[in-house]
Amino acid sequence: MFKHSKLAVAALIATGSLSALAQSDSPAQLERIEITGSSIKRIASEGALPVQTLTAEQIRATGATNVADVIQRLPSMQGFQVADIAIGTNSGGISTASIHDIGASYTLVLLNGRRIAPTGSGSTINLNAIPMSAIERIEILTDGASALYGSDAIAGVVNFVLKRNAKGGEITVQADVPTEGGGESANASISYGFGDIAQDRFSLVATYRRDQQKQMKSGDREFAKTAYVPFTWEGKQYIYDRTSTSAIPANASVTFNTPAGKTALPTYAFNPYQKANGGKCAENNVYSLANASSATSVAENCAFDFVSTIDIYPEQTRDAFFLSGQLKVTDNVRLFTDAAYTRLDLIARIAPNPIPVAIPTSSPLYTQYVLPYLNAEQASRVRAVTANYRAVDFGTRDSQTITDSKHVVLGADADIGNWNMSGAFTWSQNSIDERYINGYFKDAEFRSMVAANAFDPFKMPGQQSAATNTLIANSIYNGTIRTADTTLKAADFRVSGELFDLPAGPVALGAGGDFRNLHYKQDPSADALAGKIYNYAPATAYDMDRDSYGVFTELLVPVTKSFELTTALRYDTIKAVNDAVKNRTVGKDESSSTYKVSGRYQFSKEVLVRGSYGTGFKAPSMLDIAQPLVPNGVTAASYECPAPLRGEDADACKAGKLQYSQLSGGNENLKPEKSKQGTFGVRFEPTSDFGIGFDFWQVKIRDAVSGVSANLAFSDAAKYRSLFTKYKTPAETQNYWTFISSSTNIGKTINRGIDWDVVSRFKTDLGQLTLGMTGTYMIKSSYTRPGTDNDFTDSMGRYGENSAVTFRNIMRATAKLESGAFSNTLTLNYRSDYKDITTTVRDVATNRNVLLSVDVPEYYTWDWQGSYRYSKALELRLGVKNIGNKAPPFTLRDSSGHQVGYDPRYADPKLRTVQFTGTYKF
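Described in the following lines is the structure provided in the data block. (Residues numbered from 1 in each chain as written. Predicted model: local features only at pLDDT ≥ 70, side-chain atom pairs only at ≥ 80, totals over all residues. Heavy atoms only, no water.)

## Description of the overall build of the protein chain
Here is step 1 of the chain: Helices and strands together make up the secondary structure of the protein chain, namely 15 helices and 51 strands.
Here is step 2 of the chain: Its C-alpha radius of gyration of 29 Å places the protein chain within 12% of the 29 Å reference for a compact globule of 922 residues.
Here is step 3 of the chain: Counting only C-alpha atoms and orienting by the principal axes, one finds that the protein chain spans roughly 100 × 65 × 50 Å.
Here is step 4 of the chain: The 922 residues of the protein chain split such that 57% are buried.
Here is step 5 of the chain: Counting only contacts in the protein chain whose residues sit at least 6 apart along the sequence, the fraction spanning at least 24 positions is 72%.
Here is step 6 of the chain: For the protein chain, the accessible surface area stands at approximately 36,600 Å², while carbon and sulfur atoms represent 55% of it.
Here is step 7 of the chain: Charged side chains in the protein chain number 94 positive and 91 negative. The centres of these two groups are separated by 1 Å. (Helix = DSSP H or I, 4+ residues; strand = E, 2+ residues; numbered from the N terminus. Rg over C-alpha atoms; globule rule 2.2 N^0.38 Å. Buried < 20%, exposed > 50% of the residue type's maximum accessible area, 1.4 Å probe, protein only. Contact = heavy atoms within 4.5 Å. Areas by Shrake-Rupley, 256 points an atom, 1.4 Å probe, with all protein chains shown as cover. Lys, Arg positive; Asp, Glu negative; His and termini not counted. Charge placed at Lys NZ, Arg CZ, Asp CG, Glu CD.)

## Remarks on the pattern of salt bridges
Here is step 1 of the chain: A complete count under the given rule lists 47 salt bridges for this structure.
Here is step 2 of the chain: D651 is the salt-bridge partner of R383, the closest N and O atoms lying 2.6 Å from each other. Of the two residues, R383 sits in strand β23 (residues 382-390) while D651 sits in the loop between α14 (643-648) and β35 (661-665), which places them 268 residues apart along the sequence.
Here is step 3 of the chain: D794 serves as the salt-bridge partner of R798, at 3.5 Å between the closest nitrogen and oxygen.
Here is step 4 of the chain: Relative accessible area serves as the criterion here: at 31%, R798 is assigned to the partly exposed category. (Salt bridge = Lys/Arg side-chain N within 4 Å of Asp/Glu carboxyl O.)

## Describing the sheet that holds strand β12 (residues 228-233)
Sheet strands line up and pair through hydrogen bonds in the backbone, either parallel or antiparallel.
Here is step 1 of the chain: Pairing within the open sheet is antiparallel, and its four strands lie in the order β12-β13-β46-β47. The open sheet has two free edges, formed respectively by β12 and β47 (848-852), since each of these has just one partner strand. This sheet shows a mean twist of 40° between the axes of neighbouring strands, independent of strand direction.
Here is step 2 of the chain: As paired strands, strand β46 (residues 839-843) and β47 are joined by five bridges and run antiparallel to one another. Opposite D843, over in β47, you have R848 as the bridge partner. (Pairing = 2+ DSSP bridges. Axes fitted to C-alpha atoms, helices over the stretch in contact; angles between N-to-C directions.)

## With respect to helix α10 (residues 443-451)
Here is step 1 of the chain: Here α10 has its buried residues at D443, F446, M449 and V450. With its buried residues spanning 135° around the axis, α10 presents them on a single face. More than 90 degrees from the buried face of α10, the exposed residues found are A444 and A451.
Here is step 2 of the chain: Where α10 is buried, its residues meet β22 (354-358) and α11 (466-475). (Arc of directions from axis to C-beta.)

## Quick look at the sheet that holds strand β3 (residues 51-55)
Here is step 1 of the chain: The mixed open sheet is built from five strands, whose spatial order is β3-β6-β7-β4-β5. Either end of the sheet is taken by a strand with one partner, and the two such strands are β3 and β5 (114-115).
Here is step 2 of the chain: Sheet topology places β3 next to strand β6 (residues 135-141); five bridges connect them, and they run antiparallel. Bridge assignment links T55 to a residue of β6, and that residue is R137.

As structure tokens, then:
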């Protein structure tokens, strides 16, 4: 299974299965509880479904500073979103969970077994909404569960179980300090609980935590400091150039008229500073390796190293509060409530604004910077001149996103004989306030500067006049650009109990139903609608909601003393989308029935066999159905204008290889995606000190929501002509070709793999030693190419067409030594190697651009966590993450954030980080 012998050796000397540790650390529980993946309350045991459990102590031992760090480090997690990519993606720092690389929108996240409000109009949950200091344990079901929970549980379920019935107080403080500088963080939490539900008939638990994370700048890390990256591959020298032709001093792009009888002149793009300075580009600029000449365009641009100005890890502050209460009304009736509030305040800093500035031929700027470099024929036929400028003098573009997550549950449960009934009302909301706080311009003020020639885009940074600098300061926009919120209102009822006895035991039934209303609203700010922000197309106003409801039943049958069978059936109805802005109903009502059959067979005390088979579904998001055609940024990659589009309208083509604007829209004919999935597992525990197990799993999805990718559309523009239109941003002087991204139900995916773990415990002279490993081995992860239903590709061990990687092997291993008051845990984190994206680089020897794909090596880091329990009240921890200070592996990837040279989704740029933690209980 392992490619390199050094990994096998490391696995032997430092291992630890989290699930096995959970079994050894947790006391036996005799009460009947509800386990994630089943509605039937029963005594906790190894069941028919693969459920991983992390206790609060295990979470502390990882040294994780937030919920996303805990979840995303699990080997079964792939394909999630990380906070780092807020640098350049406008994500607001959203972090997600994704089981088995099936996708975040297919992984259902619960809080105490109930849904919480997603981000946007779909089902994706922001892990930042979870109050980390309140977590008692995390249960991860790595199997589909639509037959119990309905939509979105195709990949599995992550259930955060929060504290209840805890007595006394606890204060924890923690500081994380990267040894290379930048990115320091700290957190402090306090919790207190009083009352005991059994003795006092009530309990109340409250927690509060504050996290502060400082920014990390690109210059803080050698591997991330530039967009112009020289590198060596197989003994040859290359240059990877991700610089931007929106430069400072600006490039000039000139288009020309074509009088009757005349031959069209190629668009001419050049840098006046470079022309005036003997062919040398200005500081922090390079002569673009994307420059090329053809019959239709000549590009001689300088390109700005935008990465040198960005943060690579965002600044953020998080406040989280959780309150849990229980009241025993009678011996058999209990009322409960949960209330959680989290605020994430994140600032993402990216490169100064790249802006097109129209230069009239009547302007002195044209006479000084453009005309001298045109020949007579060009000068006589000038149509338009644009300065492609990088507004360094205006500062970096800083956006602040404040995300508020609120969640309230009011419920009751009652025991009547052998039956338990419970129900609850849930109100949950996720809202954002997106603000510009630096580097963006007021439209009127900026245009006035240009019109009055008070601003010179062709000057070096810092060379504007004092009067212009005052105008610049007065032109910076600071304010909200949009607000949005998603509100979930839900009610559920569940019943669980025993029907009758069989020779092998009681037949148990679980049943219930739920109702949900999801409301998504987005409002552009008044300033955005009034056009007060330069070159900013206001966000589209949305006001959408829809209802869904479902009923389910689950039956557990002990066929023999050794064999147990469980069946589940659910029926759901998802209503059409109500669009209040358009005052219409979009789409149609959809219904879906799902089922699941699972079983466990105990061959002996040492051997357990389990398996399941079932179906699932996922409803499309409201925007997938009802979104009108709206601006959606620019394409991730740069493209030459395709020949069919150039032949149709060459004037709508951009000069050289550049990014094009992108529009996106919904499809009211979308229907739910359907899945079939199964698992088969074996667990072998010959003694209480050794255990090994594996679970084979497979998920097939049909009618997957798919869309033609920009890469595919630009590579065959004739075939996908309907996906191109013309559009101009508010600051552009003309319409350019624009790509339309839309969705349809024609995709398919197949994911298959093995989750495995092994654990061994030893008593040594130094104390109790626990060794083990847990990992996921991916066998298959294929999907149809966007826009097709039978043309399969994959990302297995390579950077795929979905701009992501599916890792063949992910493993985590720990060695934990417990010696009285001392505990030491050594952890190995491992990801296998992969083939990188094929992209254009410059061959230094030939001075030509060539296509190249490098091999990204395996990546592994070592962590250590040590703890000392000074007394029952005081515990101290010291830890080091990434002991070897291992840098992220080099990659040429070109998506998911503005970082260049490494992939923040797969490696932490903080490098070696020292952690200090203290906990005091009272």
